[in-house]
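Chain by chain, the residues:
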Amino acid sequence: MTMIDRRGAIGVLAGGAAVAGLPVTAASKPAFLWGAATAGHQVEGNNVNADIWLLEQVKPTIFVEPSGDACDSLNRWREDVALVKALGLNSYRFSVEWSRIEPARGQFSQAYLDHYARMVAHCREQGIAPVVTLNHFTCPRWFAAAGGWLQQDAPDLFARYCDKVARAMAAGMSHVLTFNEPNGPLAESWSLNPPSAALRAQVAASVAAAAKASGSDRFSLLNGGDPEPMIPGITAAHVKAREAIRAARGDLPIGMSLALPDDVAVGADSAIERKLAAVYGPFFAVMDKDDFVGVQTYERRYIGREREVPPPPGTPRRANGAEWFPAAVGNAVRYAHKATGKPVMVTENGIEASDDADRARFIPEAVASVEAAMRDGVPVTGYIHWSLLDNFEWIRGYAPKFGLVAVDRTTFKRTPKPSAQVLGRIARAGGTRRA
Ligand code: BGC
């Protein structure tokens, strides 16, 4: 199980159409996307039909707090788009919540299709390119209770949902991602600090409680169980979803994002090739007809003979002990392009930092590493920072801060941090060299 494991803590359990205001032609497409990202469950609030919402509520739960109102972005999404624009960015990545579109199996909500279509159209009107994720970890509760990605018709169920979304709003999208980091849980067994047996037992108890609350004998989700058997369902779902989206709009760039640290070999007998094959291989194998690969990088990982090993002595560290290496993302995009031959979009890159000065220092170094890769010939189409807002960081709740913008937990007031201006300056200047 992984609840979105990164940085040592366990994360979630374990050109064509013309749209209002902005014609989407090759000529009007921004040459490079400078953006910020969110995900529905982490910012919208009250995503009550989602599997993870239920896991936050049951007893026992491993969530330190429930998502509740989150950032109230379900109501304040226009403010969020306005922030993106005011900062000088030209792209907003957000996700559609499957459980709002299909709260019960086979019952589709026109009102929520309209809601997300309005978001897409509004981005366009504001000159912001919408990059839309169709699955950012959360699935409908009914889907988990029926067996999640292990059920035979999971790929068809996901593709049917993607078809509805694509027909409602693909015309206005800039790029679409089927899945967000479906490979994340596979990396767990390679981790320096794998989850303890006690934590695994807690997750199992929580998942059992969710099954019981759903009147089922199962409750299956990628980040809450043994990931291996779920991967065939997910990769098949990606392929079917891609077909459905293409049928709705043939020229929309389609991809999937992977958790891609900068993996480096330690020692002549490093297991790095085994790790790459195990954690990325199954997804690279189904990307042949994708238009781009989404890269999400937060760190460098050192791969020893069996698994990860600690960074070498003398490595620059942050106050919390994590390595200071913003250039990891540049190496990750080089690897992703080499492995797939595809253009790359950085769909997430960021830093957990309660001291925003760290983020302000991180951004120019990270972007410069991507620019260096581009100078060396790697086709990179955008840099999207995680995250626009301080938001619900899965099992760790609201304490971790990844946002360019602070959010008051009571009033939901948004306050851009100095790091947001740093990224905005780079975006306006078209790169770090001119910023
Ligand atoms: C996920 C986000 C998460 C971020 C920071 C990424 O793995 O896509 O949902 O908030 O990392 O942990």
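These lines cover the structure that appears in this document, whether it is placed above or below. Remember, predicted model here, so these are calculated numbers, not experimental data. (Residues numbered from 1 in each chain as written. Predicted model: local features only at pLDDT ≥ 70, side-chain atom pairs only at ≥ 80, totals over all residues. Heavy atoms only, no water.)

## Describing the nonpolar core
Tyr92, Trp98, Trp149, Phe158, Tyr161, Val165 and Tyr383 are the most contacted members of the largest nonpolar core, which totals 97 residues. Broken down by element, the residue count for this core peaks at eight residues, all from helix H7 (residues 154-169). Not counting residues up to four positions away in its chain, the partners in contact with Tyr383 are Phe32, Leu33, Trp34, Gly35, Val346, Asn349, Phe362, Ala366, Val367, Val370 and Leu423. Listed in part, the 22 residues of the second largest apolar core include Ala70, Val203, Phe219 and Leu221. (Core = buried A, V, L, I, M, F, W, Y, C linked by side-chain atoms within 4.5 Å. Buried < 20%, exposed > 50% of the residue type's maximum accessible area, 1.4 Å probe, protein only. Helix = DSSP H or I, 4+ residues; strand = E, 2+ residues; numbered from the N terminus. Contact = heavy atoms within 4.5 Å.)

## Considerations on the sheet that holds strand S8 (residues 262-265)
Picture the strands of a sheet paired through backbone hydrogen bonds; they go either parallel or antiparallel. Reading across the sheet, the three strands line up as S8-S10-S11 and stay open at both edges, with mixed pairing between neighbours. Single-partner strands in this sheet number two, and they are S8 and strand S11 (308-309). Sheet topology places strand S10 (residues 300-303) next to S11; two bridges connect them, and they run antiparallel. Within S11, the position partnered with Ile303 by the bridge is Glu308. (Pairing = 2+ DSSP bridges.)

## Considerations on helix H3 (residues 73-87)
Taking 1.5 Å as the rise per residue, H3 with 15 residues should run 21 Å; its terminal C-alpha atoms sit only 18 Å apart, a clear shortfall. Every buried residue of H3 is listed here: Ser73, Leu74, Trp77, Asp80, Val81, Leu83, Val84 and Leu87. Positive backbone phi, at 100 degrees, marks Gly88, one or two positions downstream of H3. (Expected span 1.5 Å × (residues − 1).)

## Side note on the side chain of Gln42
With respect to the helices, strands and loops of the structure, Gln42 is situated in helix H1 (residues 40-43). Under the relative-accessibility criterion, Gln42 is labelled buried at 0%. Here the side chain of Gln42 touches Phe392 through a polar contact of 2.9 Å, landing on its backbone oxygen. (Polar contact = N/O pair within 3.5 Å; in protein donor to acceptor, adjacent residues only side chain to side chain.)

By themselves, these observations are geometric and do not establish any function.
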